[in-house]
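Coordinate analysis (summary)
For reference, the chains in residue letters:
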Amino acid sequence: MTALLVNPPGVRANGRSYVGAQKLWGPWVYSSMPMEHLGMMSIKAYAASQGLDIATVNGLVAGHVGVEQTWQAMHDVARVAGTPGVVGFSCIDTFAEVVWLAQRARESWPGVQIALGNAIATLNYERILRQYDCFDFVVVGDGEVGFTRLASAVANGDEIADVPGVARRDAQGQIVCSPSALIDLDRLPRAAREELPTVLDDGFSAAVFTTRGCPYRCTFCGTGATSALLGRNSYRAKSVDSVVDEIAYLVSDFDINFVSITDDLFVSKHPGSQQRAAEFANAILRRGIGVNFMIDIRLDSVVDLDVFRHLHRAGLRRVFVGLETGSYDQLRAYRKQIINRGQDPVDTINALLQVGIDVIPGTIMFHPTVRPEELRETARLLRATQYRHPFKFLSKVTPYPGTPLYQAYSAAGYLDDEWPLGQWEFADPEAARVYADLVARIAPDADISFDEAEAFFLARLDEWDNTAVDGEALRC
Ligand code: B12
Ligand code: SF4
């Protein structure tokens, strides 16, 4: 075998696999959640189209309960197909698992070359290659062309320096990176779909991507940071026809009735993007494809409600909206200006709900300097969406290494752990006490209702206000 691609299982602290943890949230939540590894499956399809002998192991979809099981699966593949020349790992927040697996591969398969890909790898390739000798390469950005050419070069003994989008140590030990290959998305073959039957059996959703990257630069977002690193042209869209062809194929060959569009931003406020969304709806309706779908948008993507009415006629039933926070100033701090000062996001939320589109809120409750007023406003947005999950009251911002937010928190001294995820402390000790109380009340009790969690949350914020007042009185 020339190459093996691996995704670790993503086992949570409670010992449950990621898939198991998702299922705790109930079908209403997870039935629209994409679970295939479209990235790995797209690389696999492209590599196979170039004649590469490639296999994949996905511990997440296979439901592995630990990395040992994933290592066993890698071993089983190698026993049948031969030891791989290159192993490529995918990683979102499973860095420790990936390092463990890479070390096993290094020990067991002498001469194997090991690569890492995906957001954390792209944004942090220098740090990774400097600190972890279990990795030989990081593939930066898209993996299809870079990984395929890397695996072929290793197999044929060709020069790696000529391969696009690969970071490595040069002969002097310096870390060098060749510019990424930004392929036209319409030139890619369709992603391999061998994971889809399992994903559907488990109650999750089929998925397609129609764009890559994002034109915005919200400070907390890995996608914006990746697009900034790869350059302006990295935000690309597939043609409407090829997207609709792929959805039609999923409906006819896999009998799906729902598809999740995994783009971080399916439609922006830009007129060209609005037109593309309308053309997409036209094409789905014209071809009579009976499928419901979900997209991710920004609040300011809703420029013209008619576009969303049209998308609804075509099958749009859910939108994930990055609302983030009820504070206008905090939105500005995140560089996410989705509203004008004085504008109430609830009006847009209500408009979408009235069209018949569910709103899945992306909200960030807690950050190092959060105050009760902001939390109340964010809770108000949450209630307006009608999304009822008590865990939403516990959400904390994650400073992903490589994002502007991470750099800002590091510079401000908020981080008490920097890698592989930024972990921060509250600036106000009372905020830390409030958060700990919420975790104690909401997290372990899966039966708590949204209304109960909200009542506890709001009451605790009132106490926080009173503590602040008492504290000031004491200081006087
Ligand atoms: C579907 C999805 C999921 C699914 C499935 C993930 C999976 N792929 O296994 C689920 C629901 C499990 C999930 C979970 C999480 N996710 Co998620 N997810 C996505 C989403 C919406 C789509 C992924 C996708 O299909 N993209 C399309 C494919 C074609 O692109 P791709 O996966 O990026 O792959 C390409 C390249 O990255 C690269 N590549 C990827 N892997 C590899 C491996 C090798 C060897 C190589 C060479 C290249 C390579 O090549 C691929 C083809 O070009 C993305 C956002 C997005 N639009 O990408 C977020 C995203 C990746 N997720 C994100 C996050 C934060 C998470 C969670 C941490 C959320 C949480 N708090 O629990 C978890 C982590 C889970 C884990 N196991 O680590 C962030 C990552 C941010 C960051 N690190 O900077 C993203 C970018 C969303 C965002 N904008 O914030 N996620
Ligand atoms: S949060 Fe959304 S709009 Fe902002 S950079 Fe990320 S994907 Fe783009």
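Rules and cut-offs
- Residues numbered from 1 in each chain as written.
- Chains lettered and ligands numbered in written order.
- Predicted model: local features only at pLDDT ≥ 70, side-chain atom pairs only at ≥ 80, totals over all residues.
- Heavy atoms only, no water.
- UniProt positions renumbered as here; feature names shortened; annotations may be inferred.
- Domains from an automatic or database assignment.
- Contact = heavy atoms within 4.5 Å.
- Buried area = accessible area lost by both parts, 1.4 Å probe.
- Salt bridge = Lys/Arg side-chain N within 4 Å of Asp/Glu carboxyl O.
- Helix = DSSP H or I, 4+ residues; strand = E, 2+ residues; numbered from the N terminus.
- Nonpolar A, V, L, I, M, F, W, Y, C, P; charged D, E, K, R; others polar.
- Buried < 20%, exposed > 50% of the residue type's maximum accessible area, 1.4 Å probe, protein only.
- Near = heavy atom within 4 Å.
- Axes fitted to C-alpha atoms, helices over the stretch in contact; angles between N-to-C directions.
- Parallel < 35°, antiparallel > 145°, perpendicular 65-115°, else oblique.
- Left-handed = near helix turned anticlockwise from the far one by under 90°.
- Pairing = 2+ DSSP bridges.
- Patch = residues over 30% accessible without salt bridge, like charges linked within 9 Å, V, L, I, M, F, W, Y side chains within 5 Å.
- Areas by Shrake-Rupley, 256 points an atom, 1.4 Å probe, with all protein chains shown as cover.
- Lys, Arg positive; Asp, Glu negative; His and termini not counted.
- Charge placed at Lys NZ, Arg CZ, Asp CG, Glu CD.

Named according to an unreviewed UniProt entry, the protein is Hopanoid C-3 methylase originating from Mycobacterium attenuatum. What UniProt records for the protein under Cofactor (unreviewed entry) is the sentence "[4Fe-4S] cluster".

Quick word on the domain arrangement of the protein
Examined at the domain level, the protein breaks down into domain 1 (2–178), domain 2 (205–364) and domain 3 (366–396 + 428–475). Using only C-alpha atoms to locate each centre, domain 1 and domain 2 end up separated by 28 Å. Across the boundary between the two partners, domain 1 contributes 17 residues, which contact 19 residues of domain 2. Of the roughly 1,300 Å² buried where domain 1 meets domain 2, counting both sides, 57% is carbon and sulfur surface. Here domain 1 is connected to domain 2 by 3 salt bridges. Its salt-bridge partner being Asp142, residue Arg236 comes within 2.7 Å of it at the nearest N-O pair. Broken down by secondary-structure element, the contributors of at least two residues to the side of domain 1 that touches domain 2 are helix H2 (27–30), helix H3 (38–49) and helix H6 (119–123). Sort the elements by how many residues they give to the side of domain 1 that touches domain 2 and H2 lands first, with 3 residues. In the side of domain 1 that touches domain 2, the residues fall into 9 nonpolar, 5 polar and 3 charged.

Observations concerning the pattern of salt bridges
Applying the stated criterion across every chain, the model contains 27 salt bridges. Between Arg298 and Asp300 there is a salt bridge whose closest N-O contact spans 2.9 Å. One continuous salt-bridge network, built from bridges that share partners, spans Glu430, Arg433, Asp437, Arg460 and Glu463.

Quick notes on unusual backbone geometry
Put simply, Trp419 and Pro420 share a cis peptide bond, and its omega is 0°. In this structure, Arg335 takes a positive phi of about 55° despite not being glycine. Positioned with a positive phi, Gln386 is a non-glycine residue whose angle comes to about 70°. By the secondary structure assignment, Gln386 is in the loop between helix H16 (372–385) and helix H17 (404–412). Exposure remark for Gln386: the relative accessible area of 52% places this residue in the exposed category.

Describing the site of ligand 2
Neighbouring ligand 2 are Cys214, Tyr216, Cys218, Phe220, Cys221, Gly224, Asp264, Arg298 and Lys336. Within the shell around ligand 2, the residues separate by chemical class into 5 nonpolar, 1 polar and 3 charged.

Some remarks on the packing of helix H11 (residues 240–254) against helix H12 (residues 271–286)
Interhelical geometry of H11 versus H12 gives an angle of 40° and a closest axis separation of 10 Å. By the angle between their directions, the pair H11 and H12 is classed as oblique. For H11 against H12, the interelement crossing comes out right-handed. Residues Val240, Val243, Val244 and Ile247 of H11 pack against Arg276, Glu279, Phe280, Ala283 and Ile284 of H12. Split by residue class, the contact of H11 with H12 holds 7 nonpolar, no polar and 2 charged.

What to know about the sheet that holds strand S4 (residues 113–117)
Here 7 strands make up an open sheet; going across it, the order is S2-S1-S3-S4-S5-S6-S7 and the pairing mixed. Strand pairing shows two members of the sheet lacking a second neighbour, strand S2 (54–58) and strand S7 (175–177), which therefore form its edges. Each strand of the sheet is rotated relative to its neighbour by a mean of 20°, with strand direction disregarded. Pairing analysis gives 5 bridges linking strand S3 (residues 86–90) to S4, with the strands arranged parallel. Within S4, the residue paired with Gly88 across the bridge is Ala115. Relative to the sheet, H3 contacts strand S1 (3–7), S2 and S3, its axis offset from that of S2 by approximately 170°. Against the sheet, helix H8 (residues 144–156) contacts S1, S2, S3, S4, strand S5 (137–139) and strand S6 (166–169), and its axis sits at roughly 150° relative to S5.

A closer look at a negative patch on the surface
Together, Asp416, Asp417, Glu418 and Glu425 make up a negatively charged patch on the protein surface. Looking at the element boundaries, Asp416 is found in strand S15 (residues 415–417).

Let's talk about the sheet that holds strand S13 (residues 316–324)
Strand order in the open sheet formed by 5 strands is S8-S11-S12-S13-S14, and the pairing between neighbours is parallel. Edge positions in the open sheet fall to strand S8 (206–208) and strand S14 (358–363), since each of these has one partner strand only. Taking each pair of neighbouring strands and ignoring which way they run, the sheet shows an average axis angle of 25°. Pairing geometry for strand S12 (residues 292–297) and S13, over 5 bridges, is parallel. Bridging across to S13, Phe293 finds its partner in Leu316. The strands touched by H16 within the sheet are S13 and S14, with S14 carrying the most contacts at an inclination of about 160°.

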